[in-house]
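Survey of secondary and tertiary structure
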Amino acid sequence: MHATLRRYEGVDRERTDELTQRVTDSLMPRLSELPGFGGYYLIEGGDGVIASISLFETSAQADESTRVATEWVQEQGLEAALPNPPKITSGPVIAHQANRMAAVL
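Residues numbered from 1 in each chain as written. Predicted model: local features only at pLDDT ≥ 70, side-chain atom pairs only at ≥ 80, totals over all residues. Heavy atoms only, no water.

Observations regarding the sheet that holds strand S3 (residues 49-56)
- Strand order in the open sheet formed by four strands is S2-S3-S1-S4, and the pairing between neighbours is antiparallel. Among the strands making up the open sheet, the edge pair consists of strand S2 (37-46) and strand S4 (87-92). Across the sheet, the axes of successive neighbouring strands diverge by a mean angle of 10°, strand direction being ignored.
- As judged from the eight bridges shared by S2 and S3, these two strands associate in the antiparallel manner. Of the residues in S3, the one forming a bridge with Gly46 is Val49.
- Contacts between helix H1 (residues 16-32) and the sheet are confined to S2 and S3, with S2 contributing the most and set at about 170° to the helix. (Pairing = 2+ DSSP bridges. Helix = DSSP H or I, 4+ residues; strand = E, 2+ residues; numbered from the N terminus. Axes fitted to C-alpha atoms, helices over the stretch in contact; angles between N-to-C directions. Contact = heavy atoms within 4.5 Å.)

Next comes the structure, spelled out in structure tokens:
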């Protein structure tokens with residue numbers, strides 16, 4: 001399993017609800033159709049920080065999700081709401097644990 005963490009800083013705080021809705025309505029469905037999709041999480045970090053975590057089976061699939069997310073930001077015209085490119089950390093998941101709560105989210 002591979003994970004990609006994207007950390008967006010300087011996010012327009014007035015547009016957090018809009019970003020969340022757009023991610024839910026159009027980005028998550030697009031990512032979930034990619035081969036190897038294992039999950040996607042959007043995190044409100046406060047102070048103009050939003051982060052996302054996506055899980056895929058392989059490194060190539062995780063890389064494709066980054067390409068899709070970058071393309072999506074441009075298609076949605078969100079450059080003003082997300083003025084800085086994300087800081088990306090991607091790699092194999094080397095330890096994890098999940099419980100029933102993960103299924104509820």
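So much for the structure itself; the text now carries on.
Looking at unusual backbone geometry
- Within the chain, Asp47 stands out as a residue other than glycine whose phi angle is a positive 55°.
- Along the chain, Asp47 turns up in the loop between S2 and S3.

Quick look at the pattern of salt bridges
- Within the structure shown, the criterion is met by eight salt bridges.
- Note that Glu9 and Arg7 form a salt bridge whose closest N and O atoms lie 2.8 Å from each other.
- Of the residues examined, Glu9 reaches a relative accessible area of 26% and is grouped as partly exposed.
- Among the ionic pairs, Arg67 bridges to Glu64, the shortest N-O distance being 2.6 Å. Here the residue Arg67 and the residue Glu64 both occupy positions in helix H2 (residues 59-75), the gap between them amounting to three residues, near one helical turn.
- Judged by its relative accessible area of 42%, Arg67 falls in the partly exposed class.
- On the basis of relative accessible area, Glu64 is assigned to the partly exposed category, the value being 29%. (Salt bridge = Lys/Arg side-chain N within 4 Å of Asp/Glu carboxyl O. Buried < 20%, exposed > 50% of the residue type's maximum accessible area, 1.4 Å probe, protein only.)

Overview of the side chain of Gln61
- With respect to the helices and strands, the residue Gln61 is situated in helix H2.
- Apart from residues no more than four positions distant in its own chain, Gln61 is found in contact with Pro35, Gly36 and Phe56.

Comments concerning the pairing of strand S1 (residues 2-8)
- Of all seven residues in S1, five are buried; the element is thus mostly enclosed.
- Alignment of S1 against S3, held across seven bridges, turns out to be antiparallel. Note that in S3 the partner of Arg7 across the bridge is Ala51.
- Bridging between S1 and S4 involves six bridges; their strand directions are antiparallel.

Details of H2
- Over its 17 residues, H2 runs 24 Å from end to end, which matches the ideal 24 Å to within 8%, given 1.5 Å per residue.
- Burial in H2 covers these residues: Gln61, Ala62, Ser65, Thr66, Val68, Ala69, Trp72 and Val73. One face of H2 carries all of its buried residues, which in axial projection span an arc of 165°. For H2, exposure combined with an orientation more than 90 degrees from the buried face picks out Ala60 and Gln74.
- Of the surrounding secondary structure, the elements contacted by the buried residues of H2 are S1, H1, S3 and S4.
- Positive backbone phi, at 65°, marks Gly77, one or two positions downstream of H2. (Expected span 1.5 Å × (residues − 1). Arc of directions from axis to C-beta.)

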